[in-house]
Amino acid sequence: MSNTMRAALIGAGFISVRGHIPAYQQAKDVEIAAICDVNSDRVAKVAAEIGIPGAFTDYKDMLATVQPDLVSVCSPNALHCAMACDALEAGAHVICEKPMCLTSADAERMLAAAKAANRTLTVGHHMRYQPASVKAHDMIQAGALGEVYYVKASYLRRSGIPGYGSWFTNRDLAGGGAMMDIGCHMLDLSLWMMGHPKPVSVSASTYAKFGPLAKGLGTWGADHFGAGSRFDVDDLTTAFVRFENGSTLVIEASWATHGSQGQNLQIFGTEGGLELNANLFGAESPLHYFSEGADGLCDDDVPLGDVASRGHQALIPDWVDAIRAGRPPIIQPEHGALVVQIIEAAYKSAVVGAEVAL
Ligand SMILES: NC(=O)c1ccc[n+]([C@@H]2O[C@H](COP(=O)([O-])OP(=O)(O)OC[C@H]3O[C@@H](n4cnc5c(N)ncnc54)[C@H](O)[C@@H]3O)[C@@H](O)[C@H]2O)c1
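Source: prediction; values computed, not measured.

Novice: Help me understand helix H4 (residues 80-89) in this model?
Specialist: Side chains that are three or four residues apart share a direction in an α-helix, a result of its 3.6 residues per turn. Counting buried residues along H4, 7 of its 10 residues qualify, which places the element largely inside the surrounding structure. Taken together, the buried positions of H4 are His80, Cys81, Met83, Ala84, Cys85, Ala87 and Leu88. The first or second residue beyond H4 is glycine 91, which carries a positive phi of 100°.

Novice: Would you explain the sheet that holds strand E11 (residues 262-269) in this entry?
Specialist: What holds strands together in a sheet is hydrogen bonding between their backbones, with the strands either parallel or antiparallel. Spatial ordering of the open sheet is given by E14-E13-E12-E11-E7-E10-E9-E8-E15, a layout of 9 strands whose pairing is mixed. What marks the edges here is a single partner per strand, and that holds for strand E14 (296-301) and strand E15 (356-357). Sheet topology note: the strand E8 (residues 199-207)/strand E9 (residues 236-243) ladder contains 8 bridges and is antiparallel. Each residue of the ladder has a partner; that of tyrosine 207, found in E9, is leucine 236. Seen against the sheet, helix H6 (residues 131-141) touches strand E7 (148-156), E11, strand E12 (272-277) and strand E13 (287-293) and runs at an angle of roughly 170° to E12. Against the sheet, helix H11 (residues 333-352) touches E8, E9 and E15, its axis set at about 55° to E8.

Novice: I'm lost on the sheet that holds strand E6 (residues 121-123) in this one. Help?
Specialist: Sheet architecture is open: 6 strands sit in the order E3-E2-E1-E4-E5-E6, paired in parallel fashion. With one partner strand each, in any of the chains shown, strand E3 (54-56) and E6 form the two edges of the open sheet. Here the average twist between neighbouring strands, direction ignored, is 20°. Across 3 bridges, the pairing between strand E5 (residues 93-96) and E6 is parallel. Note that in E6 the partner of cysteine 96 across the bridge is valine 123. Helix-sheet contacts for helix H10 (residues 312-325) involve strand E1 (5-10), strand E2 (30-36), strand E4 (70-73), E5 and E6, and the interaxial angle to E5 is about 155°.

Cut-offs and rules
Residues numbered from 1 in each chain as written. Predicted model: local features only at pLDDT ≥ 70, side-chain atom pairs only at ≥ 80, totals over all residues. Buried ≥ 20, exposed ≤ 12 C-beta atoms within 10 Å, placed from the backbone. Helix = DSSP H or I, 4+ residues; strand = E, 2+ residues; numbered from the N terminus. Pairing = 2+ DSSP bridges. Contact = placed C-beta atoms within 7 Å. Axes fitted to C-alpha atoms, helices over the stretch in contact; angles between N-to-C directions.

Distances and angles like these do not, on their own, reveal function.
Below you can see the structure in the form of structure tokens.
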């Protein structure tokens, strides 16, 4: 009997072509059987260029016809929940792009669908697979930081509003702006480093100082529209999260700001601290360890070794391996749901102007 798994993709846009397809091509004993996009020209072009046998414009048709083992959900955020649930119910294991969905209620639906179908659901929080992230997590697990009690995380773009006027800047389709789109990556990374403590409250503010003026635009996103296009999401969000175990998290995400850009994670523990910051310490050594030894304060670059694979090229093969081995994926669906719960509370807090209890 063939051990080959057949994958199908929903959405033929940026992350599908740049992330999922190359990752499936590298995964062992996986073949890409089909791809679907409502944009018939786009899906035909991608299928022809990559040599994917099935090209569909209706994902339910694709699920019924192809009956794939693996499904990638690479569509606008608001569609994730329904598509992932349908794919799970059709018997496929599912990797859903981040953010997992827009609301906690939808996350619960997805968790229930995965459980009912006895299929593995994971989320595209690929930053966990970056070498510095893996090393930092290993060090925390080994006790190098002692008790982690505070994390400060930021993902700031100076001029990087994606797909202005496309689904990215439309609240109904994206669910939010900078925090939903890129803050979710740093939130996932932070929660993983902290050991996924239970959040008890969130206080946040959101801003839209660039998007409504069509300033701060980036090049990301398949569709671009002119000035006057819809922009009703945040281009900066800052949030403070308290956890049941007493630890706290400060997180900020921007698509556009007048300031330096970058991804920065500071993790503070009782015995040591870590800082992941590619901009500050250079690409060769983006991880720094702070501690105190017999001779006083220590401040060291952490060597990362020869770790070649990263991002989706590591995430997707690892998810496939988890399915085959019958173990949970590294990025468990409950982790994706926790990210959604905190973002949902952050947006609510910004609206009511007060801390929101969870
Ligand atoms: N993990 C990451 O770092 C990362 C990076 C980029 C995007 N993403 C996520 O991936 C998802 C897609 O983003 P993107 O940048 O590829 O967007 P995109 O706009 O480039 O592509 C989305 C595609 O979905 C298609 N689509 C829309 N409705 C559909 C439907 N009903 N059925 C089938 N196809 C449909 C669109 O036509 C488009 O081709 C988003 O959730 C985004 O947040 C993740």
